[in-house]
2 protein chains.
Amino acid sequence: MAAASVGQDPDSGPDFGPESGSEFDRGSAVRERAAEPGVYDAELDPGWRIGAGVNGGLLLALAGRALSQRLAPHRDPFSISGYYLTASRPGPAVVRTEAVRIGRTLSTGSASLRQFDPRTGEEIERLRVLASYGDLTAAQEDVRTSAVPPEMPPPEQCIGAEHAPPEFMAQADLLQRLDLRLDPACVGWALGSPSGVGRIQGWLRLPDGREPDPLMLLLAVDALPPVTFDLGLFGWTPTIELTAHVRALPAPGWLRVTHATRNLANGFLEEDCEVWDSKDRLVAQSRQLAIVPR
Amino acid sequence: MAAASVGQDPDSGPDFGPESGSEFDRGSAVRERAAEPGVYDAELDPGWRIGAGVNGGLLLALAGRALSQRLAPHRDPFSISGYYLTASRPGPAVVRTEAVRIGRTLSTGSASLRQFDPRTGEEIERLRVLASYGDLTAAQEDVRTSAVPPEMPPPEQCIGAEHAPPEFMAQADLLQRLDLRLDPACVGWALGSPSGVGRIQGWLRLPDGREPDPLMLLLAVDALPPVTFDLGLFGWTPTIELTAHVRALPAPGWLRVTHATRNLANGFLEEDCEVWDSKDRLVAQSRQLAIVPR
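What counts and what doesn't
- Residues numbered from 1 in each chain as written.
- Chains lettered and ligands numbered in written order.
- Predicted model: local features only at pLDDT ≥ 70, side-chain atom pairs only at ≥ 80, totals over all residues.
- Heavy atoms only, no water.
- Contact = heavy atoms within 4.5 Å.
- Buried area = accessible area lost by both parts, 1.4 Å probe.
- Salt bridge = Lys/Arg side-chain N within 4 Å of Asp/Glu carboxyl O.
- Polar contact = N/O pair within 3.5 Å; in protein donor to acceptor, adjacent residues only side chain to side chain.
- Nonpolar A, V, L, I, M, F, W, Y, C, P; charged D, E, K, R; others polar.
- Pairing = 2+ DSSP bridges.
- Helix = DSSP H or I, 4+ residues; strand = E, 2+ residues; numbered from the N terminus.
- Domains from an automatic or database assignment.
- UniProt positions renumbered as here; feature names shortened; annotations may be inferred.

Q: Please explain the interface of chain A and chain B as it appears in this structure.
A: By convention, interface size is frequently given as the accessible area that disappears when the constituent parts associate. Contacts between the two partners involve 53 residues from chain A, matched on the other side by 53 residues from chain B. Here chain A packs against chain B, burying approximately 4,800 Å² in sum over the two surfaces, 49% of which is carbon and sulfur. For the chain A face of the interface with chain B, the top three residues by lost area are R144(A), R247(A) and R262(A), together amounting to 17%. Taken together, the connections running from chain A to chain B amount to 6 salt bridges. E98(A) is the salt-bridge partner of R128(B), the closest N and O atoms lying 2.9 Å from each other. Scanning the region where chain A abuts chain B turns up 36 residue pairs in polar contact (both at pLDDT 80 or more). Split into classes, the residues belonging to the side of chain A that touches chain B amount to 22 nonpolar, 18 polar and 13 charged. Pairing geometry for strand 15 (residues 263–265) of chain A and strand 9 (residues 144–145) of chain B, over 2 bridges, is antiparallel. When the bridges of strand 9 of chain B are listed, N263(A) appears paired with T145(B).

Here it is as structure tokens:
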């Protein structure tokens, strides 16, 4: 693993801020308004674009970061649901948070990510989030699992973004912010022969060496190309809703990410995602409901 | 199938109200306040208790019914997330709704189910819901699925609630409101030898002949005994969050419901649920994050 550590205190858990120098931390940074507690300003960076909009995982991480500050010391999203309302654009944004319930081991909050009408300045809601946060550094070690990590060739035998079709890369600035290596068994679509199975998987890390933490996992669950590519369905699959469970603090190093779908019906599909860390632990699970490309 | 139809107009889809005479419709009924649009009164019926609280699926159906009225003509929950805050008790409740975004094919809303402090009358929030609704009667028929229905013996060879341990039945009024027949392969726990696989499945219908519709599916995804029983872990598994996707209008008749878990970690487990209708279609999928029994 060539990635350099960004300095993580194992006692307090990761606590990356914009000062970490990482593009992910900068791209998901929020600043609380001094005069309005619970309201956070942000800037959506064009570098996280996918198509005309900003990547849904980055938006979830950004709103998730605001909630992490709002619900501290419950800083880690145990369960977080994002409902995507309108397409986000690069530019200023604001996150308005609500502490729904402050509990002893879990706290629940809501966040509304908004941008501004260019003519009137009026706020337009992009994403509504509901989430329960806790403290994963206090995690018990009682793991009992029948889930098995995905099998895939080592990263150096997988397919980097540099092999993606140029017309796809041109619309996916996001891919330059990720070190993503797709399993060759799942990239038939890039060569004109999708497998039809409905599965895409690969290795993921941040190219600047910023190690994974719970907020970065919110990016990871929506960072791969849509699983519909493996079904030969190209075009956009806008997310309606995505819920992620972060099950453990991820260990440093590569993540393995799998996306699968089983059921396209009524113009919608589900996309199930698993994220496994370098210690072979299932650290995040997510499911999204998305629109089937026409 | 002995269940009598309650009168469903196939053109407009099911539209069951409290007048249907069904215990489910009565138990999940809401009445909008004339002076406060978007605010709905309700009564939590002790017949839907499980342990000291009211069943989480019933609560989701009740809040979901309020949103169905609020977001009409988008009456069907395509995706709905419930975050459970405090345990509900039989008695009066109020659902305060917010229309987050009204769209052409989907509308998003939020609902807050509250009860009242017996001393002060102050509202105490039980459940916060975020959901996107559409119209499933307008569903396209383009189904492309690799999911296969669960195999189980016919209902008459399955295990009814009458065989459940009396100490369990005594705490589960809910079970008398359901016609639930569990696959004998998954009920070793009732005989002292849980399989350890982490799977429970069975047939489900409402005993009064009320046919399934999208709101009833919200009950169905949280109606079976906890999957942890199959792991030999008895006791409560309180739900932190449950998100359900309703993928199609269910056909009349028995539903098949499966619950599975793969990963217990950090004191939490996920429970994945599928609901299949009598036409072998996957009509609902859900996942919940719950607390592992001690």
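Q: Hey, could you run me through the domain arrangement of chain A in this one?
A: All names here are of chain A. Taken as a whole, chain A is organised into domain 1 (19–137) and domain 2 (155–291). The interface is formed by 31 residues belonging to domain 1 together with 27 residues belonging to domain 2. Across the domain 1 to domain 2 interface the summed buried area is about 2,600 Å²; carbon plus sulfur atoms make up 60%. The interface formed by domain 1 and domain 2 includes 4 salt bridges. Here R177 makes a salt bridge to E23, at a shortest N to O gap of 3.2 Å. Joining domain 1 to domain 2, the criterion identifies 13 residue pairs in polar contact (both at pLDDT 80 or more). If you list the elements that add at least two residues to the side of domain 1 that touches domain 2, you get helix 1 (23–27), strand 3 (49–50), helix 2 (56–70) and strand 5 (76–84). Among the elements that line the side of domain 1 that touches domain 2, the one with the most residues is strand 5, at 9 residues. For the side of domain 1 that touches domain 2, the class distribution of residues is 13 nonpolar, 12 polar and 6 charged.

Q: It is not clear to me how the UniProt feature "domain: Acyl-CoA thioesterase-like N-terminal HotDog" (unreviewed entry) in chain A should be interpreted in this structure. Could you clarify?
A: Following the UniProt record, the feature "domain: Acyl-CoA thioesterase-like N-terminal HotDog" (unreviewed entry) maps to residues 45–131 of chain A here. Counted over residues 45–131 of chain A, helix gives 17% and strand 51%. Its end C-alpha atoms are 24 Å apart.

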